Amino acid sequence: EADIYQTPRYLVIGTGKKITLECSQTMGHDKMYWYQQDPGMELHLIHYSYGVNSTEKGDLSSESTVSRIRTEHFPLTLESARPSHTSQYLCASSQSSERAFDEQFFGPGTRLTVL
Amino acid sequence: AQSVTQPDIHITVSEGASLELRCNYSYGATPYLFWYVQSPGQGLQLLLKYFSGDTLVQGIKGFEAEFKRSQSSFNLRKPSVHWSDAAEYFCAVGDNAGNMLTFGGGTRLMVKP
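Residues numbered from 1 in each chain as written. Chains lettered and ligands numbered in written order. Predicted model: local features only at pLDDT ≥ 70, side-chain atom pairs only at ≥ 80, totals over all residues. Heavy atoms only, no water.

Q: Help me get a handle on the pairing of strand E11 (residues 100-103) of chain B, residues and values and all.
A: Residue and element names in this part refer to chain B. Here E11 shows two buried faces, one formed by Met100 and Thr102 and the other by Leu101 and Phe103. Where strand E10 (residues 87-95) lies against E11, 4 bridges are found, and the strand directions are antiparallel. Within E11, the position partnered with aspartate 95 by the bridge is methionine 100. (Buried < 20%, exposed > 50% of the residue type's maximum accessible area, 1.4 Å probe, protein only. Helix = DSSP H or I, 4+ residues; strand = E, 2+ residues; numbered from the N terminus. Pairing = 2+ DSSP bridges.)

See below:
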């Protein structure tokens, strides 16, 4: 069983507020990812990290930012939330290895609603 | 760039009936293919994966999938569906250049009693 945690699970917040979505994993994985999933839609990669102090933007443009100061922690921040940010945010992690592809393990997600 | 198409947005089957969920991919090299399941309000759970070798792969919960290179397909099957299988199913292709996943739009499975 993968050990990757996200908090909060649900968040309802007003426009203009600053929010941080937490993601932590206890597996020592180097790679971590944030996906955005609108209701009934596919997942889109918005940020990823290959290790401490490494962050990159994904395929889908996002106004959020991320940081990776510790291996196990990959928080996502919205400086000023807007209704267009309403979505589900899924965090994932994978190990670095010599294998061709490393399985990504997913957290339970944070469902964000911005009023 | 790779892409994944799941032609069926919704599928309804009766409990005990067989199931096949379709997935077509576009990828220039040998694909790494995955099926994930997502229950309401939950994250994604890996059902099975194909990297190489035997084109028929077995997964958890009685699911299997067959890789057909000539058809660029990776369809998911189950011989007898249980009510607990009702969920959203996502097919994904992996890019080994950066360990990135590209997901299809998902198929929502409903199971009739």
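Q: Describe the layout of surface pockets, listing the residues and the values that go with them.
A: Taken as a whole, the second largest pocket holds about 190 Å³ of empty space. Lining the second largest pocket are 15 residues, and of these Gln37(A), Gln88(A), Arg111(A), Gln38(B) and Arg108(B) sit closest to its centre. A class-by-class count of the residues in the lining of the second largest pocket yields 4 nonpolar, 7 polar and 4 charged. (1 Å grid on protein atoms, 1.4 Å probe; cavity = no way out; pocket = protein on both sides within 12 Å on 5 of 7 lines; lining within 4 Å. Points joined across faces, edges and corners; volume = space filled by probe spheres on them. Nonpolar A, V, L, I, M, F, W, Y, C, P; charged D, E, K, R; others polar.)

Q: Explain the nonpolar core to me, using residue names and the numbers behind them.
A: Residues and elements named next belong to chain B. In this structure, Leu19, Trp35, Leu47, Leu48, Phe74, Leu76 and Tyr89 are the most contacted members of the largest nonpolar core, which totals 27 residues. With 4 residues, E10 is the largest single contributor of residues to this core. Leave out the neighbours within four places in its chain, and leucine 19 touches Ile11, Val13, Phe63, Leu76, Arg77, Lys78, Val81 and Leu109. Within the second largest apolar cluster, 19 residues are counted, among which are Phe34, Leu44, Phe90 and Met100. (Core = buried A, V, L, I, M, F, W, Y, C linked by side-chain atoms within 4.5 Å. Contact = heavy atoms within 4.5 Å.)

Q: Please provide a residue-by-residue account of the state of the cysteines, values included.
A: Considering all chains together, one arrives at 2 disulfides over all chains under this definition. Each sulfur of the disulfide joining Cys23(A) and Cys91(A) lies 1.9 Å from the other. Measuring the twist about the S-S bond at about -75 degrees, one finds the Cys23(A)-Cys91(A) disulfide to be left-handed. Taken as a pair, Cys23(A) in strand E3 (residues 19-25) and Cys91(A) in strand E9 (residues 87-94) lie far apart in primary sequence, 68 residues in all. For the pair Cys23(A) and Cys91(A), a shared accessibility class is recorded, and that class is buried. Covalently, Cys23(B) is tied to Cys91(B) through a disulfide, its sulfur atoms 2.0 Å apart. Here the disulfide of Cys23(B) and Cys91(B) is left-handed, its torsion about the S-S bond being about -65 degrees. With a gap of 68 residues between them, Cys23(B) in the loop between strand E3 (19-21) and strand E4 (24-26) and Cys91(B) in strand E10 connect regions that are remote in the sequence. (Disulfide = S-S within 2.5 Å.)

Q: Describe the sheet that holds strand E7 (residues 65-66) of chain A, listing the residues and the values that go with them.
A: All names here are of chain A. Read across the sheet, 4 strands follow the order E1-E3-E8-E7 without closing on themselves; strand pairing throughout is antiparallel. Looking at the sheet topology across the chains shown, the edges are occupied by strand E1 (4-7) and E7. Where E1 and E3 come together, 4 bridges link them in antiparallel fashion. Within E3, the residue paired with tyrosine 5 across the bridge is serine 24.

Q: Could you give me a rundown of the environment of His47(A), with the residues and numbers involved?
A: Residues and elements named next belong to chain A. Along the chain, histidine 47 turns up in strand E5 (residues 43-51). Residues histidine 47 and serine 87, spaced 40 residues apart in sequence, show a C-alpha to C-alpha distance of 15 Å. Excluding residues within four positions of it along the chain, histidine 47 makes contact with Met32, Tyr33, Trp34, Glu56, Lys57, Gly58, Ser62, Ser64, Thr65, Val66, Phe74 and Leu76. Only 2.9 Å separates the side chain of histidine 47 from the side chain of serine 64, close enough to count as a polar contact. (Polar contact = N/O pair within 3.5 Å; in protein donor to acceptor, adjacent residues only side chain to side chain.)

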